[in-house]
Amino acid sequence: QLRLVESGGGLVHPGGSLRLSCVASGFQLDQYAMGWFRQAPGKAREGVACISTNSGTTEYAGSVQDQFTISRDNAKNTLYLEMNSLKPEDTAVYYCAADDLHGSPWLTLEPDEYDYWGQGTQVTVSS
């Protein structure tokens, strides 16, 4: 059974940091491009960051570039998102997702390109 499970969310003050993790089971993570996405209530799901199979390439949404860092450890079948200098507008449910690259070989932040999704973890930034 293919699964992605996020963890590490929580409540932080503005300016604080969180590190999210996503553990994959039932498949080899090194065959998939991976991404982090977020969705606030009443808003569309948006791409945050993505990373190629061997960590050779990363892409970030303009709103989080120089603030968030995506990384992966294929040996541990785990994806990470380090979030620094958090702001209230970063509040959302954060999802990890896997792209099998069969639809397109290009790394992308487009949610429709991704094939497998976790259940999400809540991040709340509030004073």
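The sections below set out a description of the structure shown in this document. As the structure is a prediction and not an experimental result, all values here were calculated from the model.

### Some thoughts on the overall build of the protein
Helix and strand content of the protein: zero helices and eleven strands. Helices (α) and strands (β) of the protein occur, in sequence order from the N terminus, as β-β-β-β-β-β-β-β-β-β-β. Relative to the compact-globule value of 14 Å for 127 residues, the protein shows a C-alpha radius of gyration of 14 Å, a close match. Taken over the C-alpha atoms alone, the protein extends approximately 40 × 30 × 25 Å along its principal axes.

### Some points on the sheet that holds strand 3 (residues 18-25)
Spatially, four strands are ordered 1-3-8-7 in an open sheet, and the strand pairing comes out antiparallel. At either end of the open sheet lies a strand with only one pairing partner, and these are strand 1 (3-7) and strand 7 (68-73). Neighbouring strand axes in the sheet, compared pairwise and without regard to direction, differ in orientation by 15° on average. Examined bridge by bridge, strand 1 and strand 3 share five bridges and lie antiparallel to one another. The residue bridging Val-5 from the neighbouring strand is Val-23, located in strand 3.

### Quick notes on the pattern of salt bridges
Per the stated rule, a full pass over the model turns up three salt bridges. Among the salt bridges present, the one from Arg-38 reaches Asp-90, with a minimum N-O distance of 3.0 Å. On the criterion of sequence distance, the pair formed by Arg-38 in strand 4 (residues 33-39) and Asp-90 in the loop between strand 8 (78-83) and strand 9 (92-99) is long-range, its members being 52 residues apart. Summarising the burial analysis for this pair, Arg-38 and Asp-90 share the class buried. Two residues, Lys-87 and Asp-90, come together in a salt bridge whose shortest N-O distance is 4.0 Å. Taken together, the shared-partner salt bridges connect Arg-38, Glu-46, Lys-87 and Asp-90 into one network.

### Quick notes on the pairing of strand 11 (residues 121-125)
Here strand 11 shows one buried face, formed by Thr-121, Val-123 and Val-125, and one open face, formed by Gln-122 and Thr-124. With three bridges connecting them, strand 9 and strand 11 associate as antiparallel partners. Looking at the pairing, Ala-92 lines up with Val-123 of strand 11.

### A closer look at the side chain of Ser-21
Inspection of the secondary structure puts Ser-21 in strand 3. According to the relative accessible area criterion, Ser-21 is buried, its value standing at 15%. Once residues within four sequence positions are removed from consideration, Ser-21 is found in contact with Val-5, Glu-6, Ser-7, Trp-36, Thr-78, Leu-79 and Tyr-80.

### Structural notes on the packing of aromatic side chains
Aromatic rings in a pair are described by how distant their centres are and how their planes are angled relative to each other. For the structure shown, the criterion picks out seven aromatic pairs. Measuring from ring centre to ring centre gives 4.9 Å for Phe-37 and Tyr-114, while their planes differ by 75°; the resulting arrangement is edge-to-face. Remark: Tyr-114 occurs in the loop between strand 9 and strand 10 (116-117) and Phe-37 occurs in strand 4; sequence separation between them is 77 residues. No difference in accessibility class separates Phe-37 from Tyr-114, as the two residues are buried.

About the criteria used
Residues numbered from 1 in each chain as written. Predicted model: local features only at pLDDT ≥ 70, side-chain atom pairs only at ≥ 80, totals over all residues. Heavy atoms only, no water. Helix = DSSP H or I, 4+ residues; strand = E, 2+ residues; numbered from the N terminus. Rg over C-alpha atoms; globule rule 2.2 N^0.38 Å. Pairing = 2+ DSSP bridges. Axes fitted to C-alpha atoms, helices over the stretch in contact; angles between N-to-C directions. Salt bridge = Lys/Arg side-chain N within 4 Å of Asp/Glu carboxyl O. Buried < 20%, exposed > 50% of the residue type's maximum accessible area, 1.4 Å probe, protein only. Contact = heavy atoms within 4.5 Å. Phe/Tyr/Trp six-rings, centres within 6.5 Å; stacked < 30°, edge-to-face > 60°.

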